Amino acid sequence: MDAIVLGGGLMGSAAAYFLARRGVKTTLIERGRVGTGATIASFGNIRRTGRYLPQLPLAHRSRALWGEAEKMLGRDVEFRATGHVRLAFDQAAVADMRRYIEAARPWGLDLEELGPREIGGRFPGLGPEALGASFSPRDGCGNPRLIATAFADAARRLGATIVEEAPAGEIGRTGAGFEVSTPKGTFAAECLLNTAGAWGGRLAANFGEAVPIFPNGPQMGVTEPLPHRVLPVVGMWVHGGGPDGYLRQVERGNIVFGGGVERVAVDLDPGFAKPDPARLPVQLRVLVRLLPALATASVIRTWSGCEGYVADKLPVMGASATTPGLFHAFGFSGHGFQLGPGVGDVMAELIATGHTDTPLADFRIDRFAGNAASVNGG
Ligand SMILES: Cc1cc2nc3c(=O)[nH]c(=O)nc-3n(C[C@H](O)[C@H](O)[C@H](O)COP(=O)(O)OP(=O)(O)OC[C@H]3O[C@@H](n4cnc5c(N)ncnc54)[C@H](O)[C@@H]3O)c2cc1C
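Residues numbered from 1 in each chain as written. Predicted model: local features only at pLDDT ≥ 70, side-chain atom pairs only at ≥ 80, totals over all residues. Heavy atoms only, no water.

Q: Which parts of the structure should I look at to understand the overall build of the chain?
A: Looking only at helices and strands, the chain features nine helices and 22 strands. A globule of 378 residues ought to have a C-alpha radius of gyration of about 21 Å, and the chain, at 20 Å, matches this closely. Referenced to the eigenvectors of the C-alpha coordinate spread, the extents of the chain come out at roughly 65 × 45 × 40 Å. For the chain, buried positions account for 56% of its 378 residues. Within the chain, residue pairs in contact and separated by at least 24 positions form 74% of the contacts whose partners lie at least 6 positions apart. In the structure as shown, the chain presents an accessible area of about 15400 Å², 53% of it carried by carbon and sulfur atoms. The positive charge centre, built from 38 side chains, and the negative charge centre, built from 36, are 4 Å apart in the chain. (Helix = DSSP H or I, 4+ residues; strand = E, 2+ residues; numbered from the N terminus. Rg over C-alpha atoms; globule rule 2.2 N^0.38 Å. Buried < 20%, exposed > 50% of the residue type's maximum accessible area, 1.4 Å probe, protein only. Contact = heavy atoms within 4.5 Å. Areas by Shrake-Rupley, 256 points an atom, 1.4 Å probe, with all protein chains shown as cover. Lys, Arg positive; Asp, Glu negative; His and termini not counted. Charge placed at Lys NZ, Arg CZ, Asp CG, Glu CD.)

Listed below in structure tokens is the structure:
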């Protein structure tokens with residue numbers, strides 16, 4: 001069996017690795033360099049708290065793979081199980097948090113509830129005004145600049161072909177499968193996996209599968225290095241979908257942060273998402289509630305990245321509903337970094353065996369069929 005994986009972000013590179021590990025002859029095609037789409041821009045949060053509950057089996061599978069990443073990929077991708085703490089600042093947020101803690105338990109996610117005194121005792125300097133928090137001890141973070149290339153290099157060692165600087169143009173059907181034209185040649189295979197991220201909707205539309213997906217850029221920033229004292233990844237429970245905020249301190253001392261402001265629309269051509277430094281004061285006002293020490297820190301860089309957000313905020317995963325041999329895994333709506341290794345493993349399993357026990361039904365592409373308003377957002 002052979003497969004083309006189109007799009008070399010975290011999803012595509014992980015899928016290429018797991019396909020090669022299953023003995024599938026694999027070609028990964030990336031229009032730029034591996035990992036330089038949404039993946040490299042990620043905050044790096046490996047968080048299960050707050051996820052859509054039926055997505056937790058996939059998230060657990062992925063969390064287990066993050067734990068094995070260094071051994072599996074032969075290098076440190078800076079996965080650290082620092083824990084993830086999420087603070088609540090009003091009673092409505094505390095009630096949401098408690099409901100989620102209860103609901104997540106049967107799905108295999110055990111979150112601890114902390115009161116204000118425990119927050120202060122365990123995480124000095126964090127959220128002095130918080131009324132409560134959830135704590136997920138086995139979650140944490142990874143390095144978004146390392147993971148996709150680590151998967152691609154490991155896939156190459158297993159025999160996969162990695163083709164960079166090769167934007168896919170025309171995609172044709174052949175008697176045996178698919179043919180993908182690129183400036184570096186034409187590649188053919190029996191199966192095609194669409195891991196083109198924010199651009200994945202275009203590819204799906206070519207096969208008559210319209211998905212309401214919109215390219216957006218979340219705004220991120222990083223401070224100067226500060227004395228190291230924040231261990232876990234820190235987030236916020238917000239009732240009613242207001243601006244949340246999140247931060248983590250990297251080992252060198254810089255605080256990386258995101259959230260607190262709306263995402264901005266991005267044009268898919270060329271797909272560069274720009275941060276707006278003028279929005280920084282608004283963002284920081286949200287974030288100082290999590291860590292008051294931020295008030296006197298200097299921000300040294302801001303950035304964004306082009307991510308595909310699907311209308312229902314869930315990804316598209318599984319077999320095509322129109323075209324045998326075509327598979328999709330795109331539109332991770334701002335939460336794909338944690339899921340990446342699991343997505344690669346599950347998609348490889350599905351392609352190689354025709355089956356997976358990890359539930360994907362809620363992510364099927366034909367959930368939008370019949371929705372006349374479905375568009376491929378631009
Ligand atoms: C700023 C930011 C912060 C984030 N923070 C987090 C976080 O903390 N935790 C979390 O879980 N998630 C986070 N996310 C989301 C996460 O980063 C993404 O869901 C994930 O990286 C998506 O990976 P991907 O492989 O689907 O997409 P991408 O990394 O975008 O990869 C898709 C690739 O397809 C390629 N491509 C497109 N069209 C073609 C073509 N025609 N031919 C060849 N190649 C093509 C692109 O060049 C690109 O490299 C964040 C996203 C952003 C933007």
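Q: Whenever I open this one, the site of the ligand confuses me. Can you help?
A: Surrounding the ligand, one finds 35 residues, the nearest of these being Glu-30, Ala-38, Thr-39, Ala-168 and Glu-307. Between the ligand and Phe-43, the relevant distance is 3.0 Å, taken from a nitrogen atom to a main-chain nitrogen or oxygen of the residue. For the ligand, whose free accessible area comes to 1000 Å², the fraction covered by protein is 95%. For the shell around the ligand, the elements supplying multiple residues, two or more each, are helix H1 (10-21), helix H2 (38-41) and helix H9 (336-353). (Near = heavy atom within 4 Å. Polar contact = N/O pair within 3.5 Å; in protein donor to acceptor, adjacent residues only side chain to side chain.)

Q: What am I meant to see in the packing of aromatic side chains here?
A: Here the distance between the centres and the angle between the planes together describe a pair of aromatic rings. Under the criterion given, the structure shown has nine aromatic pairs. On the numbers, 5.7 Å between centres and 50° between planes, the contact of Tyr-100 with Trp-237 is tilted. On the criterion of sequence distance, the pair formed by Tyr-100 in helix H4 (residues 91-104) and Trp-237 in strand S15 (residues 233-237) is long-range, its members being 137 residues apart. In this structure Tyr-100 comes out as buried when scored by relative accessible area, which is 11%. Look at Trp-237 and you get buried, because its relative accessible area is 10%. What links up through ring pairs into an aromatic cluster is the set Tyr-17, Phe-18 and Phe-151. (Phe/Tyr/Trp six-rings, centres within 6.5 Å; stacked < 30°, edge-to-face > 60°.)

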